[in-house]
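Here's the letter readout for the chains.
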Amino acid sequence: SKQWYQRRVRASWDMQTDPEKFVHEDIGIASYLICLWEDRYGAEEARQYVNFVDIGCGNGLLVYLLNQEKFEGVGIDVKARKIWSTALSSSKYIESFFDPKNWEMLSEYNWLIGNHSDELTPWIPYVSTMISYNCQFFLLPCCLWNFTEKYRRTDPKLSSYQCYLNHIRTVITEFGFESGMDTMKIPSTKRTCFVSSQRSYSESDYQMRVQSTLDTVRAHSGSNINCVARAKEIKVRNGTKIDKSLCQRIVNYSAEILTRKIDKNDPVWSTGDEIPLRELVGLIKDRISFEDELKEQAGGVQTILRNSPQIFVIRNGIVRLRDWSKDAPRTRNSPGRKYDSAALVKTKLCWFNEYHPQGCNLSVTSCRYAHGSDDLSAAS
């Protein structure tokens with residue numbers, strides 16, 4: 001049952017990501033595919049006939065769920081996940097970049113799954129065509145990719161996502177498929193899927209259509225049938241890999257700028273100045289050389305400050321100190337969340353108690369951060 005899988009996956013999840021992000025969605029997708037296949041082929045016949053490959057399978061949970069329900073198939077992804085060899089080790093996964101030009105490596109499969117397959121999404125109908133007349137596919141588009149680059153919206157009256165869905169539907173038709181478009185009941189904003197049903201031409205015309213398919217894909221991707229290759233290691237650009245001492249200098253100097261006009265003897269607690277981010281960056285540049293270090297980081301100084309949410313608030317391009325009595329960050333705890341924010345109370349020192357000219361404006365008991373080393377507790 002759904003509840004049984006939820007409990008089993010949560011209990012055995014050994015990745016840094018939150019299992020709640022995947023378990024409900026992938027159970028929903030697996031249920032959809034099982035109903036589709038059983039309706040099309042029959043309950044027993046489907047398990048004997050279907051041999052699927054999940055292209056760009058990620059953590060591999062969907063493959064595992066389908067295997068557990070006695071459907072043969074594998075997952076392929078450019079990078080192996082630890083969970084493949086631990087909690088999901090009963091399923092088979094292939095660590096490899098899949099180039100659509102080498103579609104023969106998937107020739108034994110009769111169902112292709114593209115579940116958030118990103119840059120491979122438009123290629124899957126092509127690969128399905130090349131494998132055999134009877135090969136089918138399931139597509140659940142997410143990130144907007146064309147054959148060789150990011151997809152660009154073509155109709156300003158429609159959202160980018162709706163334009164992309166229309167584009168994928170056109171591509172599917174160009175490759176000679178009849179397909180259905182459906183809205184799945186899964187907890188995701190991207191839940192529109194495409195399912196091939198049959199070809200728009202007879203099997204006797206298959207070889208002729210293969211040649212026209214090659215012409216179609218060359219028209220989209222160039223004469224060499226080029227697919228964008230995803231790097232095995234995705235470069236981290238969220239500021240977490242920047243030199244820690246540089247980050248600390250930027251944080252300290254930003255706080256110094258914001259607090260420089262605060263009178264420590266004023267009985268009214270103050271957050272200090274509110275400064276436009278652009279102006280603050282200029283002031284920091286005059287003191288600290290950081291441009292070479294941050295040039296490949298998304299957000300630059302803003303990212304570093306956002307990575308210190310205890311201290312700073314950035315709204316509408318304005319930077320100020322946080323007032324914990326008014327604007328504490330919202331938490332997103334859930335029963336299966338790996339890190340519960342309630343368990344982190346008092347595990348870090350309070351910056352305001354240590355460095356704000358007027359100290360922390362909350363009492364020791366009401367502040368979630370420790371007022372001195374004696375107030376610290378271990379993270380549970």
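Residues numbered from 1 in each chain as written. Predicted model: local features only at pLDDT ≥ 70, side-chain atom pairs only at ≥ 80, totals over all residues. Heavy atoms only, no water.

Asks: Residue-level account of the sheet that holds strand β10 (residues 318-321), with values.
Replies: Pairing within the open sheet is antiparallel, and its 3 strands lie in the order β8-β10-β9. Bordering the open sheet on either side are β8 (275-276) and β9 (312-315), each of which pairs with just one other strand. Alignment of β9 against β10, held across 4 bridges, turns out to be antiparallel. For R315, the partnering residue across the bridge sits in β10 and is I318. (Pairing = 2+ DSSP bridges. Helix = DSSP H or I, 4+ residues; strand = E, 2+ residues; numbered from the N terminus.)

Asks: So, the nonpolar core: which residues are in play, and what are the values?
Replies: Nonpolar side chains tend toward joint burial in soluble globular proteins. Judged by nonpolar contacts, the single largest core of 41 residues is most densely connected at V53, I55, L112 and Y126. If you list the elements that add at least two residues to this core, you get β1 (51-55), β2 (72-77), α5 (124-131), β5 (136-140), α6 (160-174) and α7 (206-221). Of all the elements, α6 adds the most residues to this core, at 7 residues. Not counting chain neighbours up to four residues away, the residues in contact with L112 comprise V53, I55, I124, V127, S128, I131, C135, Q136, F137 and F138. Residues I27, I29, C57 and W111 belong to the second largest nonpolar core, which totals 35 residues. (Core = buried A, V, L, I, M, F, W, Y, C linked by side-chain atoms within 4.5 Å. Buried < 20%, exposed > 50% of the residue type's maximum accessible area, 1.4 Å probe, protein only. Contact = heavy atoms within 4.5 Å.)

Asks: So what about the packing of aromatic side chains? Which residues, and what values?
Replies: For the structure on display, the rule yields 20 aromatic pairs. With 5.1 Å between their ring centres and 50° between their planes, W37 and F71 make a pair best called tilted. Here W37, found in helix α2 (residues 20-41), pairs with F71, found in the loop between α4 (61-68) and β2; they are 34 residues apart in sequence, far enough to count as distant. With a relative accessible area of 1%, F71 lands in the buried category. Ring plane angle 50° and centroid distance 6.3 Å describe the contact between Y126 and F175, whose orientation is recorded as tilted. One end of the pair, Y126, is in helix α5; the other, F175, is in the loop between α6 and β6 (177-183), with 49 residues separating them in the sequence. Like F175, Y126 is buried. (Phe/Tyr/Trp six-rings, centres within 6.5 Å; stacked < 30°, edge-to-face > 60°.)

Asks: Break down the side chain of D77 for me, with residues and values.
Replies: The topology assignment puts D77 in strand β2. A polar contact is formed between the side chain of D77 and the backbone nitrogen of C57, at a distance of 3.3 Å. A polar contact is formed between the side chain of D77 and the backbone nitrogen of K79, at a distance of 3.2 Å. Leaving out residues up to four positions away in the same chain, D77 has contacts with G56, C57, G58, W84, I94, E95 and S96. (Polar contact = N/O pair within 3.5 Å; in protein donor to acceptor, adjacent residues only side chain to side chain.)

On their own, these measurements won't tell you what the molecule is for.
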